[in-house]
Amino acid sequence: MLIIHDIESFTAPWPECALTLGVFDGMHRGHRALVDRIARRSRWTRRARILVTYFPHPDLVLGKREASRSELYTYNEKLALYQRFDLDAVVFLPFTRDLARMTALRYLKSILLEKLRATRIVIGYDQRFGRSRKGDFAFLKKMSRRYPFKVEQIGAVKYRGEAVSSTRIRKLLSAGEVSRANRLLGHEFFVSAMVIRGHQRGRTIGFPTANLQVPETKQLPGEGVYACVAEYGGRRYRAMTNIGRNPTFGGGVLNVETHLLDFNDDLYGRELRLYFRERLREERKFESIDQLKAQLQIDRAAAARIRL
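Cut-off values and rules
- Residues numbered from 1 in each chain as written.
- Predicted model: local features only at pLDDT ≥ 70, side-chain atom pairs only at ≥ 80, totals over all residues.
- Heavy atoms only, no water.
- Helix = DSSP H or I, 4+ residues; strand = E, 2+ residues; numbered from the N terminus.
- Buried < 20%, exposed > 50% of the residue type's maximum accessible area, 1.4 Å probe, protein only.
- Contact = heavy atoms within 4.5 Å.
- Areas by Shrake-Rupley, 256 points an atom, 1.4 Å probe, with all protein chains shown as cover.
- Lys, Arg positive; Asp, Glu negative; His and termini not counted.
- Charge placed at Lys NZ, Arg CZ, Asp CG, Glu CD.
- Arc of directions from axis to C-beta.
- Phe/Tyr/Trp six-rings, centres within 6.5 Å; stacked < 30°, edge-to-face > 60°.
- Lys NZ or Arg CZ within 6 Å of the ring centre and 35° of its normal.
- Pairing = 2+ DSSP bridges.
- Axes fitted to C-alpha atoms, helices over the stretch in contact; angles between N-to-C directions.
- pLDDT = per-residue confidence, 0-100.
- Core = buried A, V, L, I, M, F, W, Y, C linked by side-chain atoms within 4.5 Å.
- Polar contact = N/O pair within 3.5 Å; in protein donor to acceptor, adjacent residues only side chain to side chain.

## Considerations on the overall build of the chain
Logical step 1: Tallying secondary structure elements over the chain gives ten helices and 14 strands in all.
Logical step 2: Referenced to the eigenvectors of the C-alpha coordinate spread, the extents of the chain come out at roughly 75 × 40 × 40 Å.
Logical step 3: Residues classed as buried in the chain amount to 50% of the 308 residues present.
Logical step 4: In the chain, of all internal contacts separated by at least 6 residues, the share reaching a separation of at least 24 is 73%.
Logical step 5: A total of about 15300 Å² of accessible surface is found on the chain, and carbon and sulfur atoms cover 46% of it.
Logical step 6: Looking at the chain, you have 56 positive and 33 negative side-chain charges, and the mean spots of the two groups are 7 Å apart.

Now the structure itself:
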């Protein structure tokens, strides 16, 4: 799969393509429906299958959302997600205010048709592009009578009666409802981060933890204790993860720390990936270290029951 950042100097190696475009923050079930459609439209043809997205997130550039904890997945995490899909290339358009001011017609002609050689464009029900967001389905349908491409639109995707959207998934994660968020995503929400040195309190009470340096833009589940699967060195381990401020030890800044079951190696300076399965409980302050240790034993037993 090609990863394309410099669209200006890019020359498409394919004669034509089917593409879909959008932010794709999460690659949830709705996004998968778009990718599946371009894959079907390319079967038995010479069309390449292309996903066009943006970096950084348009809302961050345009000031529509604060940078802190607002992206479901970081750039590197998105690369890992895109590898799971049947795509020939992913195009990251550098999102700037100049790109936001580009007219929908120029965007269509110069990028989608001329640079990427699109002959089939598939968009979601709420997709807009170009200045004043005029590049909608009606615009593309009209332009398809002038230029040699076809367009189709996919409606909102629902899962068990619940509408799938990145906004809905963010709300569920913020509320700690990781199981429901995972169902809408169609995969387990994960966090990839470097392990850094913390206060090492967990080691002194028999529960050594890996403290994660999570990028500031990365969305996190709400504060609490979670059963997770940790992935490291090609292996998977059951884990219990605390997202919070350690109120028993006086509180402070938000931390993400995880205890891997049946694991004794040194993780400092290594990257760890955590897949969130379920919320075990809220974070709370304990009256004594012994009370905390007793609760951690209960948490550990619950985490030990999840399937790898």
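## A closer look at the environment of Tyr54
Logical step 1: Residue position: Tyr54 is located in strand E3 (residues 48-55).
Logical step 2: With relative accessibility at 7%, the residue Tyr54 sits in the buried group.
Logical step 3: Leave out the neighbours within four places in its chain, and Tyr54 touches Leu21, Gly22, Val23, Phe92, Leu93, Phe95, Leu99, Tyr107 and Phe129.

## Comments concerning helix H7 (residues 166-174)
Logical step 1: Taken residue by residue, H7 has Ser166, Ile169, Arg170, Leu172 and Leu173 as its buried positions. All buried residues of H7 lie within an arc of 165 degrees about the axis, which places them on one face of the element.
Logical step 2: In the core, the buried residues of H7 are packed alongside helix H1 (29-42), strand E8 (162-163) and helix H8 (178-185).
Logical step 3: Just beyond H7, the residue with positive phi is Gly176, at close to 85 degrees.

## Section: the packing of aromatic side chains
Logical step 1: For the structure on display, the rule yields 14 aromatic pairs.
Logical step 2: Taken together, the aromatic side chains of Tyr73, Phe189, Phe190, Tyr226, Tyr275 and Phe276 make up a single cluster linked through ring pairs.
Logical step 3: Above the face of the Tyr159 ring, Arg29 is positioned so that its terminal group lies 3.9 Å from the ring centre.
Logical step 4: Lying over the aromatic face of Tyr275, Arg236 brings its terminal NZ or CZ to 5.3 Å of the ring centre.

## A look at the pairing of strand E14 (residues 271-281)
Logical step 1: Inspection of the sheet shows strand E9 (residues 190-196) paired to E14 by five bridges, in the antiparallel sense. Pairing of Ser192 across the sheet is with Arg273, part of E14.
Logical step 2: Looking at chain direction, strand E11 (residues 224-232) and E14 are connected through seven bridges and run antiparallel. Note that in E14 the partner of Tyr226 across the bridge is Arg279.

## Let's talk about the sheet that holds E3
Logical step 1: The sheet built from six strands is open, its strands ordered E1-E4-E3-E2-E5-E6 with parallel pairing. Single-partner strands in this sheet number two, and they are strand E1 (2-4) and strand E6 (150-154). Pairs of neighbouring strands in the sheet enclose a mean axial angle of 20 degrees, with direction left out of account.
Logical step 2: As paired elements, E3 and strand E4 (residues 89-94) share six bridges and run parallel to each other. Across the sheet, Tyr54 pairs through a bridge with Leu93, a residue of E4.
Logical step 3: Contacts between helix H3 (residues 75-82) and the sheet are confined to E1, E3 and E4, with E4 contributing the most and set at about 155 degrees to the helix.
Logical step 4: Contacting strand E2 (17-21), E3, E4 and strand E5 (118-124), helix H5 (residues 104-115) crosses the sheet at an angle of about 120 degrees to E5.

## Overview of the confidence of the model for the chain
Logical step 1: Averaged over every residue, the pLDDT of the chain is 92; the share at 70 or more is 96%.
Logical step 2: Least confident of the elements in the chain is helix H9 (residues 201-204), whose mean pLDDT is 66; most confident is helix H6 (residues 137-143), at 98.

## Focus on the nonpolar core
Logical step 1: Within the largest apolar cluster, 60 residues are counted, with the highest numbers of intra-cluster contacts made by Met27, Leu51, Phe189, Leu212, Leu260, Leu272 and Phe276.
Logical step 2: A per-element tally of this core places E11 first, with six residues.
Logical step 3: In contact with Phe276, not counting residues within four places along its chain, are Val178, Asn182, Glu188, Phe189, Val191, Pro221, Tyr226, Ala227, Cys228, Thr241 and Ile243.
Logical step 4: Listed in part, the 35 residues of the second largest apolar core include Ala12, Ala48, Tyr54 and Leu116.

## Side note on the side chain of Gln219
Logical step 1: Along the polypeptide, Gln219 turns up in the loop between strand E10 (210-213) and E11.
Logical step 2: Relative accessible area serves as the criterion here: at 5%, Gln219 is assigned to the buried category.
Logical step 3: A distance of 3.2 Å separates polar atoms of two side chains, one belonging to Gln219 and the other to Ser174.
Logical step 4: With near-sequence residues (within four places) excluded, Gln219 lies in contact with Arg69, Ser70, Glu71, Leu72, Arg170, Leu173, Ser174 and Phe189.

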